[in-house]
Number of protein chains: 2
Amino acid sequence: MNLWWTEQQTPGLRLGLRCEEIIERRRSAYQEIAVYRTAEYGRLLALDDMVMTTEADEFVYHEMLVHPALSTVTSARTVLIVGGGDGGCVREVCRYPAVERVVLAELDGEVIEVCRRHLPTIAGSFVDPRVEIRVGDGVAYLADVPAETFDVILVDAPDPLGPAAGLFSEAFYADAARVLAPGGVLAAQTECPFLHADLIRRVQRVLRAQFPVVGLYWAVVPTYPGAMWTFSLATKEHTDLTRARRLPVGSSRYWTQEVQAGAFALPTFLRGLVEESK
Amino acid sequence: MNLWWTEQQTPGLRLGLRCEEIIERRRSAYQEIAVYRTAEYGRLLALDDMVMTTEADEFVYHEMLVHPALSTVTSARTVLIVGGGDGGCVREVCRYPAVERVVLAELDGEVIEVCRRHLPTIAGSFVDPRVEIRVGDGVAYLADVPAETFDVILVDAPDPLGPAAGLFSEAFYADAARVLAPGGVLAAQTECPFLHADLIRRVQRVLRAQFPVVGLYWAVVPTYPGAMWTFSLATKEHTDLTRARRLPVGSSRYWTQEVQAGAFALPTFLRGLVEESK
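These figures come from a predicted structure and were not determined experimentally.

> Hey, could you go over the overall build of chain A for me, with residue numbers and the actual values?
Helices and strands together make up the secondary structure of chain A, namely 9 helices and 12 strands. A burial count over chain A gives 53% of its 278 residues as buried. Contacts in chain A between residues at least 24 apart in sequence constitute 66% of all its contacts with a sequence separation of at least 6.

Have a look at this one:
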């Protein structure tokens, strides 16, 4: 079957994945949600025709958004995930036995439903009793949370277009700083330096206005636009962000302590981009 | 202009780049050689419709094939590049003033001509007086070279299909080991672990049969299939491959000493792949 799903990643860049089955396609109040079976990347979740995750490479993104933050905080008990309706971050967070409460603030409840139904290897930890799902706007949720509620905040936002634009704003990060406990860590996905240099500079700048310690690290996610993916990390206290202080339970497929340290070794052009934001 | 150049990277994976101009397209004795002007990745060199290099991300590949090897050998005077007709490796090697002789063994002289004409930022160092171009089969060239002629051998092979298949063979690496000086280093591009796990295992195994020290490291090259790109490094003497011992002249855009060390920190699945090859 010569059927191709194509993401128009930028005006000049396309990714095509051969598609063997349209498993589900529906329109929620916010977006088109689709799950395809691809020939080579397993199942694919697409929102408005953009790759959110594939079974083949989701482990890189989810491990690298979660473990640098979680392994750096010695005593995280409460974790907030903003976005992340596919459940991949929830799965990785649930590997830490010390975590007592995981709140997932996802705008679109239908994304969660679709992923629970069709992406069980990613969304399988929603059943963990520590997980509390809050369907609604993450920005609004955060504004109502009492100060210092969470030890870790993970911003698993889709691309900064449409409904998720607020998750890259100054107001959002100011609230995140208020809600984060002392000694806590915030991690946010911040897109590709080849394609979204401005966004990285902007988020780094906004984070530095709120947090004394801000870092940037990266990983490779083949199906994401530009493939080189950055994450921004911030803490309220002086912490060596490159160093994992504790390890998750179970095995990882990408993250290791050494990989975490190496991920902070920024290629020259990326280090330059961070410097420009200062 | 809605003109797209598309690489069928695997049977189930396509990369599309918007194309603004076909600068040159011709057929040599070996392959179709084409240079396009893309909308977002600068000029693109394609051989048989596969990306060889783009102006936007060539620096990652060329710096990461050259500098880990060159910066690890303290006294490299002679360098052999097998393949590499675009001149990107030549450019990076020429940054080292101690290098006295650079031999480029490229099968297809027309690739060199086309790159000199249309990719001056990549191919600009062919004019360096230290550079000696040998047009012809790299495998045959190597078989005729006296033992211990080169301090560094760089295998800048295209994908292991068609004319370049011999550059991934056991016989080729046996000759490379013979030709390499004691204390020398060999580096070879070895494709993407998401798509070419077998090739990586095979080359690692072949190298270990010839060299006492073999390593694997990686970088991200967005326009290459799978984007996560590996390189295999081998030496005849015990050397810490992760550690750069000297620095190139001029600036780099990707490589740093820390990036080199980090590039050897293999994600779990990639470390597993190397272990399987033992």
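There is more to say, and it comes next.
> I'd like a description of the interface of chain B and chain A, backed by residues and values.
Contacts between chain B and chain A engage 33 residues on the former and 33 residues on the latter. At 6 residues, the largest contribution of residues to the side of chain B that touches chain A is made by strand β2 (residues 13–27) of chain B. Here the side of chain B that touches chain A is built from residues that sort into 18 nonpolar, 9 polar and 6 charged. Both strand β2 (residues 13–27) of chain A and β2 of chain B contribute to a ladder of 5 bridges, which runs antiparallel. From the neighbouring strand, Leu17 of chain A faces β2 of chain B, where its bridge partner is Leu13 of chain B.

> Which residues make up the domain arrangement of chain A, and what values go with them?
All names here are of chain A. According to the domain assignment, chain A consists of domain 1 (4–54) and domain 2 (58–276). One C-alpha centre belongs to domain 1, the other to domain 2; they are set 23 Å apart. Those elements giving two or more residues to the side of domain 1 that touches domain 2 turn out to be β1 (4–10), β2, β3 (32–38), β4 (43–47) and β5 (50–54). Across the side of domain 1 that touches domain 2, the residue classes break down as 12 nonpolar, 6 polar and 3 charged.

> An account of unusual backbone geometry is needed here, citing residue identities and associated values.
Here the phi dihedral of Glu148 of chain A falls at roughly 55°; this positive angle occurs in a residue that is not glycine. In this fold, Glu148 of chain A is placed in the loop between α5 (138–144) and β9 (150–156).

> A description of the packing of helix α7 (residues 197–210) of chain A against helix α9 (residues 268–276) of chain A should follow, citing residues and the corresponding values.
To describe two helices that pack against each other, one gives the angle between their axes and the distance between the axes. All names here are of chain A. Close contact between α7 and α9 brings their axes to 8 Å; oriented N to C, the two are set at 50°. Relative to α9, the element α7 lies oblique. The way α7 lies across α9 gives a crossing that is right-handed. For the pair α7 and α9, the contacting residues are Ala197, Ile200, Arg201 and Gln204 in the first and Leu273, Val274 and Glu276 in the second. When grouped by side-chain class, the residues that make up the contact of α7 with α9 number 4 nonpolar, 1 polar and 2 charged.

> Any details on the sheet that holds strand β12 (residues 228–235) of chain A? Residues and values, ideally.
Residue and element names in this part refer to chain A. Pairing within the open sheet is mixed, and its 7 strands lie in the order β8-β7-β6-β9-β10-β12-β11. One side of each edge strand has no neighbouring strand; the edge strands of this open sheet are β8 (131–135) and β11 (213–220). For this sheet, the mean angle separating the axes of adjacent strands, direction not counted, is 15°. Relative to β12, strand β10 (residues 180–189) runs antiparallel, the two sharing 5 bridges. By the bridge assignment for β12, Gln189 is matched with Phe231. Sheet strands in contact with helix α6 (residues 170–179) are β9 and β10, and its direction is about 145° off that of β10.

> Could you give me a rundown of the relation of the copies chain B and chain A, with the residues and numbers involved?
Put simply, the two copies of the chain differ by a rotation about an axis and a shift along that axis. Superposing chain B onto chain A requires a rotation of 180° together with a translation of 0.0 Å along the rotation axis, leaving an RMSD of 0.0 Å. Taken together, these values place the two copies in the relation of a two-fold axis. Of the C-alpha atoms belonging to chain B, the one lying closest to the rotation axis is found on Gly262 of chain B, 1.9 Å away. Interface overlap between copies is the fraction of interface residues in one copy that are interface residues in the other; for chain B against chain A it reaches 100%, indicating a shared surface.

> Go over the environment of Val79 of chain B, please, and point to the residues and values.
All names here are of chain B. Residue position: Val79 is located in strand β6 (residues 78–83). On the basis of neighbour counts, which here come to 29 C-beta atoms within 10 Å, the residue Val79 falls in the buried class. The sequence separation of Val79 and Leu15 amounts to 64 residues, and the corresponding C-alpha distance is 34 Å.

> Lay out the pairing of strand β5 (residues 50–54) of chain B with the relevant residues and their values.
Residues and elements named next belong to chain B. Burial within β5 is extensive, with 4 of its 5 residues counted as buried. Both strand β4 (residues 43–47) and β5 contribute to a ladder of 4 bridges, which runs antiparallel. Bridge pairing in β5 places Leu47 opposite Met50. Linking β4 back to β5 in an antiparallel pair, the connection comprises 2 residues, with Asp48 at a positive phi of about 50°.

> Please give an account of the packing of helix α6 (residues 170–179) of chain B against helix α7 (residues 197–210) of chain B that cites residues and values.
All names here are of chain B. At their nearest, the axes of α6 and α7 sit 9 Å apart, and the two run at 35° to each other. Two packed elements cross with a definite hand, and for α6 against α7 that hand is right-handed. Seen from α6, the contacting residues are Glu170, Tyr173, Ala174 and Ala177; seen from α7, they are Val206, Leu207 and Gln210. Along the lines of polarity and charge, the residues of the contact of α6 with α7 split into 5 nonpolar, 1 polar and 1 charged.

> Before we move on, can you summarise the sheet that holds β6 of chain B with the specific residues and values?
Residue and element names in this part refer to chain B. On the basis of which strands lie adjacent, the open sheet formed by 7 strands has the order β8-β7-β6-β9-β10-β12-β11 and mixed pairing. At either end of the open sheet lies a strand with only one pairing partner, and these are β8 (131–135) and β11 (213–220). Across the sheet, the axes of successive neighbouring strands diverge by a mean angle of 15°, strand direction being ignored. Relative to strand β12 (residues 228–235), β11 runs antiparallel, the two sharing 8 bridges. Note that in β12 the partner of Val214 across the bridge is Ala234. Along the sheet face, α7 touches β10 (180–189), β11 and β12 and points at about 5° away from the line of β12.

The rules we used
Per chain, the residues get numbers from 1 upward, laid out in the order the sequence is written. For naming, the first written chain is A and the first written ligand is 1, with later ones following in the order written. Thresholds applied to this predicted model are a pLDDT of at least 70 for local features of residues and 80 or more for the giving and counting of side-chain atom pairs; totals over whole chains, interfaces and linings are not thresholded and use all residues. Only runs of H or I of at least four residues qualify as helices and only runs of E of at least two qualify as strands under DSSP, and these elements are numbered from the N terminus. For the exposure call, what matters is how many other C-beta atoms sit within 10 Å of a residue's own: 20 or more marks it buried, 12 or fewer exposed, and in between partly exposed, using C-beta atoms placed from the backbone. Residue pairs qualify as contacts under a 7 Å threshold applied to their C-beta atoms, which are placed from the backbone. Residues are sorted three ways: Asp, Glu, Lys and Arg are charged, Ala, Val, Leu, Ile, Met, Phe, Trp, Tyr, Cys and Pro are nonpolar, and all the rest, Gly among them, are polar. Whether two strands pair depends on DSSP finding at least two bridges between them. Note that domain bounds follow an automatic or database assignment of domains. Helix axes are fitted only over the stretch in contact, all axes being lines through C-alpha atoms; the angle between N-to-C directions runs from 0 to 180 degrees. Orientation categories follow fixed angle ranges, with anything under 35 degrees roughly parallel, anything over 145 roughly antiparallel, 65 to 115 roughly perpendicular, and all other angles oblique. Here a crossing is taken to be left-handed if its near helix is turned anticlockwise relative to the far helix by less than a right angle, and right-handed if that turn runs clockwise. The least-squares superposition of copies is restricted to C-alpha atoms, and to residues with a pLDDT of at least 70 in both copies.

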